[in-house]
Every structure is written in structure tokens, then in C-alpha cells.
Amino acid sequence: MKKSYKIEVDCANCANLMEEAAKKTEGVADAAQALNEYYHSIKGNKTNEWSVHFLPLLSKVWPANIPTTSAASSNALIKLVISTGSEFPEAVDAIERFIVPSDDQDILQFLLNDSPHCQRHPAAALKLLSHIYKNTKYSSQYLHECHKTIGDADPTLKRTPAFKAIADFLRRFGLNQ
């Protein structure tokens with residue numbers, strides 16, 4: 001089965017990367033990694049880079065069907081989102097539908113916990129964390145610390161189902177708030 005995608009982006013380099021990688025299903029993970037590397041290669045102020053370059057790619061070009069979303073592409077997108085600054089909440093919303101379970105949750109939990117997002121953007125961090133921990137078979141200190149930081153940053157989030165679900169998960173492993 002062939003699928004075609006109309007590419008409408010301002011960044012020619014990004015469009016070429018996406019077009020080449022999207023030609024084959026297994027290329028989606030490579031494209032996600034290329035986006036991650038490109039974002040990290042940008043020098044200077046990255047303000048608005050997400051909304052100008054990356055959001056259009058994900059909303060207009062990125063394959064939306066689950067078979068093209070692999071754990072590798074999901075992980076690369078999560079790493080990209082964690083590296084954003086003030087655009088983090090918008091970035092989480094943009095990739096949420098592409099997140100699939102992965103066995104590499106520890107590194108993602110570490111990166112999120114190590115970022116300023118749990119403190120600065122607790123609602124968005126909770127949304128992302130609630131996806132990240134879902135495939136975890138055991139708890140980690142990073143999950144516990146990030147969860148605690150989110151609750152301390154915005155105590156109203158402690159009443160949400162997502163926060164409570166993670167708290168219950170942590171309690172099963174003896175990591176209480």
C-alpha cells in the first residue's frame with residue numbers, strides 16, 4: 001500500500017529530510033532522530049524554533065498512522081520535546097499522539113527530571129510523564145523525583161487522575177510522596 005504526503009514547510013532542509021525519510025516506513029525513526037539532531041545543532045537563541053520549523057512538520061507532514069510510529073521514533077520525538085524551552089507545553093501537545101510504549105523509559109525519565117520542565121511547566125511535564133511511565137515494569141528514582149517536583153510546582157495537579165495514577169504506581173514500589 002502506498003501513501004503520499006503533501007509537504008508544506010518553510011525550511012527546505014527539514015522538508016528534504018522528511019520527504020526522504022517518509023518514503024519508507026522504517027525511515028520515520030531516522031527522520032525523528034534527524035529532527036532531534038538538527039534542533040540540537042541550532043546555535044544561539046532557539047526561541048520559536050519549535051513553532052516555526054518543527055510544529056509544521058509534525059502537524060502537516062509527519063505520518064500519523066500508528067504502524068509508522070515506532071518506539072525509536074517516539075523516543076527521538078520525546079527527546080526533542082524535552083530539549084525545547086518555553087515551547088515545551090506546545091511541543092508536548094504536538095507529539096502526544098505519536099508516543100508509543102518503549103523499553104527505554106529510564107533515559108526519558110532521567111532527561112525529563114534533569115530538565116527545568118517539571119518545575120516550569122508542570123502540567124505539560126505531567127502529561128508527558130504519564131505517557132513515559134506507562135510501559136515501565138519497575139519504578140525509578142527519576143520518575144519519583146520528577147513526579148514530586150511536578151506536585152510541588154503545582155499542588156492542584158495532585159488531584160488529577162494522571163498524577164494519582166503515577167503516585168499509585170510509585171507506592172507499589174515503596175516510593176511514596
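What counts, and at which threshold
Residues numbered from 1 in each chain as written. Predicted model: local features only at pLDDT ≥ 70, side-chain atom pairs only at ≥ 80, totals over all residues. Heavy atoms only, no water. Salt bridge = Lys/Arg side-chain N within 4 Å of Asp/Glu carboxyl O. Helix = DSSP H or I, 4+ residues; strand = E, 2+ residues; numbered from the N terminus. Buried < 20%, exposed > 50% of the residue type's maximum accessible area, 1.4 Å probe, protein only. Phe/Tyr/Trp six-rings, centres within 6.5 Å; stacked < 30°, edge-to-face > 60°.

Draft legend 1. Structural detail: the pattern of salt bridges. Counted under the stated rule, the structure contains 4 salt bridges. In this structure, D168 and R171 form a salt bridge, with 2.6 Å as the shortest nitrogen-oxygen distance. Remark: R171 and D168 occur in helix α10 (residues 161–172); sequence separation between them is 3 residues, near one turn of the helix. Since its relative accessible area comes to 44%, D168 is described here as partly exposed. Residue class for R171 comes out partly exposed when judged on its relative accessible area of 45%. One connected set of salt bridges, linked through shared partners, spans D93, E96 and K127.

Draft legend 2. Inspection of the packing of aromatic side chains at higher detail. Scanning all chains against the criterion turns up 2 aromatic pairs. Between the aromatic rings of F110 and Y142, the centroid separation amounts to 5.1 Å while the plane-to-plane angle is 75°, which identifies the pairing as edge-to-face. Pair noted here: F110 is in helix α6 (residues 105–114) and Y142 is in helix α9 (residues 141–153), with a separation of 32 residues, a long-range link. Its relative accessible area of 30% is what places F110 among the partly exposed residues.

Draft legend 3. Structural detail: the environment of K148. Here K148 is to be found in helix α9. Exposure remark for K148: the relative accessible area of 37% places this residue in the partly exposed category. Considering only alpha carbons, one finds K148 and A167, 19 residues apart in sequence, at a separation of 9.2 Å.

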